[in-house]
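Close look at the chain arrangement
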Amino acid sequence: VFRPMQDAMGRLARSQGELDAYAEIVGAGKESGHSWAVIFVAASLSGGTGSGLFLDVIKIATAMAQKALPGTEVFVVPLIAAPSAFRKLATPDQMRMLNLNFARGMLDLSELVDHSNSSDVSREAWFRQQYPGTDKVEYDITQGGAAAPLATSFLFSRPAAYEDAKDLWRSM
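Scope of this entry: the structure provided in the associated data block.

Criteria and cut-off values
- Residues numbered from 1 in each chain as written.
- Predicted model: local features only at pLDDT ≥ 70, side-chain atom pairs only at ≥ 80, totals over all residues.
- Heavy atoms only, no water.
- Helix = DSSP H or I, 4+ residues; strand = E, 2+ residues; numbered from the N terminus.
- Buried < 20%, exposed > 50% of the residue type's maximum accessible area, 1.4 Å probe, protein only.
- Contact = heavy atoms within 4.5 Å.
- Areas by Shrake-Rupley, 256 points an atom, 1.4 Å probe, with all protein chains shown as cover.
- Expected span 1.5 Å × (residues − 1).
- Salt bridge = Lys/Arg side-chain N within 4 Å of Asp/Glu carboxyl O.
- Pairing = 2+ DSSP bridges.
- Core = buried A, V, L, I, M, F, W, Y, C linked by side-chain atoms within 4.5 Å.
- Patch = residues over 30% accessible without salt bridge, like charges linked within 9 Å, V, L, I, M, F, W, Y side chains within 5 Å.
- Arc of directions from axis to C-beta.

Description of the overall build of the chain
Of the regular secondary structure elements, the chain holds 5 helices and 5 strands. Sequence-ordered secondary structure for the chain, helices as α and strands as β, is α-α-β-α-β-α-β-β-β-α. Put simply, the chain has 172 residues, and 34% of those count as buried. Expressed as a percentage of contacts within the chain between residues at least 6 apart in sequence, the contacts between residues at least 24 apart total 70%. Here the chain has roughly 10400 Å² of accessible surface; of this, 58% comes from carbon and sulfur atoms.

Looking at helix H4 (residues 92-116)
Think of an α-helix as turning once every 3.6 residues; residues three or four places apart then point the same way. Compared with the 36 Å implied by 1.5 Å per residue over 25 residues, the 35 Å span of H4 between its first and last C-alpha is a close match. Among the residues of H4, Met 95, Leu 98, Phe 102, Gly 105, Met 106, Leu 109, Leu 112, Val 113, His 115 and Ser 116 are the ones counted as buried.

As for the pattern of salt bridges
Tallied over the entire structure, the rule returns 2 salt bridges. Between Arg 3 and Asp 7 there is a salt bridge; the shortest N-O distance is 3.9 Å. Of this pair, Arg 3 and Asp 7 both sit in helix H1 (residues 2-14), 4 residues apart, roughly one helical turn. Residue Arg 3 is classed as exposed on the basis of its relative accessible area, which comes to 55%. Accessibility expressed as a relative area gives 35% for Asp 7, which makes it partly exposed. Between Asp 108 and Arg 104 there is a salt bridge whose closest N-O contact spans 2.5 Å. Here Asp 108 pairs with Arg 104, and both are found in helix H4, just 4 residues apart, close to one helical turn.

Some remarks on the pairing of strand S1 (residues 36-44)
Here S1 shows a buried face lined by Ala 37, Ile 39, Val 41 and Ala 43 and an unburied face lined by Trp 36, Val 38, Phe 40, Ala 42 and Ser 44. Two strands pair when backbone bridges link them, and S1 and strand S2 (residues 73-81) are joined in this way by 9 bridges, in the parallel orientation. Residue Ala 43 lies in a different strand from S2, and its bridge partner there is Ile 80.

Side note on the nonpolar core
Formed by 25 residues in total, the largest nonpolar core has its most connected members in Ile 39, Phe 54, Ile 58, Val 76, Ile 80, Leu 109 and Leu 150. Ranked by the residues each element gives to this core, the list is headed by helix H3 (residues 49-68), at 7 residues.

Observations regarding the side chain of Ser 46
On the secondary structure map, Ser 46 appears in the loop between S1 and H3. Ser 46 sits in the buried class, given a relative accessible area of 7%. With sequence-adjacent residues up to four places away left out, Ser 46 is seen in contact with Ser 51, Ala 81, Ala 82, Pro 83, Phe 86, Leu 98 and Asn 101.

What about a nonpolar patch on the surface?
On the surface, Trp 36, Val 38 and Phe 40 cluster together into a nonpolar patch covering about 330 Å² of accessible area. Topologically, Trp 36 is positioned in strand S1. A residue is classified by how much of its surface remains accessible, and Trp 36, at 47% relative accessible area, is partly exposed.

Looking at helix H2 (residues 16-25)
Looking at H2, one finds that the buried residues are Gln 16, Asp 20 and Ala 23. Burial along H2 is one-sided: seen end-on, the buried residues are contained in an arc of 60°. Opposite the buried face of H2, by more than 90 degrees, sit the exposed residues Gly 17, Glu 18, Tyr 22 and Ile 25.

Don't take any of this as a statement about function, it's just geometry.
Here it is as structure tokens:
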């Protein structure tokens, strides 16, 4: 997980001058007082490895971006697939398990969002992680600007319009 993310953050940091120049053109650059980066993290909370890793990926991506892009506000937007996205593929027993896994994952995500939107740094230690072979990852709500790095998340289910996935595949 670390190497690809470090490589991506390195490429992003090396292109900072180009990104700043573009941001100035569209009126959102440092001269306007706004310098920010948005990271999208897509995951399913219906079970499997992604359900267990998504919070770590959010924390690691935030910490790496804050370190690689000093002076830039970093925002992370989780895009979460809900179990209902898989209801046509799962048995009723499987759906029960998917929903239980989803509930726990949403509770964990909600706690991280609440912490990110809080000015209370007394719980900061609860959101620090030490991963094997790495420095401690600090999920610092005070670094990178006044805005919360994780202000909200978006949940997705299977839209009724795509019950027959053939239309979806044809549109791609």
